[in-house]
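Next come the chains, spelled out residue by residue.
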Amino acid sequence: MEITWLGENALLLKGREAKVLLDPAYQPGGALANGAAEIVVSSAGVDNVLRPSKGPQVVAREGEYELRGVSVRGVVTKGGTLFVTEVDEVAVCDFGELPGALDVEALDALGTIDVLAVSLQQGLPARAVEVAALVSQLQPSVLVPVGYQASADGSPGELAAFANEMGLTQVNPQGKLTLAGSPGISDDTRVVILEARR
């Protein structure tokens, strides 16, 4: 499975059987929706469209779904609905904006998360602390920061506070993340910085 960051909080997951757009701010007919994926997962308050006459299938409500070999689980939390999308045996959760503290019930419902994507909200230092706490709670194998502007001069820029909080000594963006199945449970979360592909 291949993960590409499309800018803002959006990720494109390319699996063996389907392409899935994870976009918390998805709007039907938007630029990202046009042909990017067969399935869209969004918490933007849009409606489910499971049998579209044209365009992608849209999952936007709580529940469990199986579409084109992709499993999607929508879990209601105090701050809204979070989705865990499993493509090629890799469970990905795009938090976008943090929904607030997660209780034990929500953590159990989310289950194991292989790849966690969380918005850095333009590099706010307080946000970096929140993200580190979330990583400690969820213990994903891989963390992908989103929701920031990359610096043009190669410096950490908006990633600086996050890099410091996560103990990163270098920030080396890569074009995509490729995983062959679940990375498995690890004591250490690997941080992967992706380049935005708009």
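Reading the values: rules and limits
- Residues numbered from 1 in each chain as written.
- Predicted model: local features only at pLDDT ≥ 70, side-chain atom pairs only at ≥ 80, totals over all residues.
- Heavy atoms only, no water.
- Helix = DSSP H or I, 4+ residues; strand = E, 2+ residues; numbered from the N terminus.
- Rg over C-alpha atoms; globule rule 2.2 N^0.38 Å.
- Buried < 20%, exposed > 50% of the residue type's maximum accessible area, 1.4 Å probe, protein only.
- Contact = heavy atoms within 4.5 Å.
- Areas by Shrake-Rupley, 256 points an atom, 1.4 Å probe, with all protein chains shown as cover.
- Lys, Arg positive; Asp, Glu negative; His and termini not counted.
- Charge placed at Lys NZ, Arg CZ, Asp CG, Glu CD.
- Pairing = 2+ DSSP bridges.
- 1 Å grid on protein atoms, 1.4 Å probe; cavity = no way out; pocket = protein on both sides within 12 Å on 5 of 7 lines; lining within 4 Å.
- Points joined across faces, edges and corners; volume = space filled by probe spheres on them.
- Nonpolar A, V, L, I, M, F, W, Y, C, P; charged D, E, K, R; others polar.

Regarding the overall build of the chain
Along its length, the chain carries three helices and 13 strands. In terms of C-alpha radius of gyration, the chain reaches 16 Å, essentially the compact-globule figure of 16 Å for 198 residues. The principal-axis extents of the C-alpha atoms in the chain amount to approximately 50 × 40 × 30 Å. Relative to its 198 residues, the chain shows a buried fraction of 46%. Here the analysis covers contacts within the chain between residues at least 6 apart in sequence; of these, 48% occur between residues at least 24 apart. For the chain, the exposed area adds up to about 9,700 Å²; of that, 46% sits on carbon and sulfur atoms. In the chain, the 14 positive side-chain charges and the 25 negative ones have mean positions that sit 8 Å from each other.

Some points on unusual backbone geometry
Although it is not a glycine, Asp88 adopts a positive phi angle of roughly 50°. Of note, Asp88 is situated in the loop between strand 8 (80–87) and strand 9 (90–96). Positive phi is not limited to glycine here, since Gln139 has a value of about 50°. Here Gln139 is to be found in the loop between helix 2 (125–138) and strand 11 (142–146).

So, the pairing of strand 8
Note that strand 7 (residues 70–77) and strand 8 share seven bridges and pair antiparallel. If you follow Thr77 over to strand 8, its bridge partner there is Gly80. In this structure, the hairpin formed by strand 7 and strand 8 is closed by a connection of two residues. As judged from the four bridges shared by strand 8 and strand 9, these two strands associate in the antiparallel manner. Bridging across to strand 9, Thr85 finds its partner in Val92. The hairpin formed by strand 8 and strand 9 contains two residues between the paired strands, and Asp88 there has a positive phi angle of roughly 50°.

What about the side chain of Thr4?
The topology assignment puts Thr4 in strand 1 (residues 2–5). Looking at Thr4, the relative accessible area reads 10%, which means it is buried.

Notes on the sheet that holds strand 5 (residues 57–59)
Paired through backbone hydrogen bonds, the strands of a sheet run either parallel or antiparallel to each other. Read from one edge to the other, the open sheet built from six strands follows the order 5-4-3-2-1-12, with strand pairing classed as mixed. The sheet terminates laterally at strand 5 and strand 12 (177–178), the two strands that pair on one side only. Summarising the sheet, strand 3 (residues 19–22) and strand 4 (residues 39–41) pair through three bridges and their orientation is parallel. Note that in strand 4 the partner of Val20 across the bridge is Ile39.

Here we look at the layout of surface pockets
A probe as big as a water molecule, rolled over the atoms, marks out the empty space that is left. Of the voids in this model, the second largest pocket is the one considered here, and its volume is about 170 Å³. If you go around the second largest pocket, you meet 16 residues; those closest to its centre are Ala150, Ser151, Gly154, Ser155 and Pro173. Taken together, the residues of the lining of the second largest pocket sort by class into eleven nonpolar, four polar and one charged.

As for the side chain of Thr85
Mapped onto the fold, Thr85 is located in strand 8. Excluding residues that lie within four positions of it along the chain, Thr85 makes contacts with Leu13, Val20, Leu22, Val41, Val70, Ser71, Val72, Val90, Ala91 and Val92.

No statement about biological role is implied by the geometric values presented.
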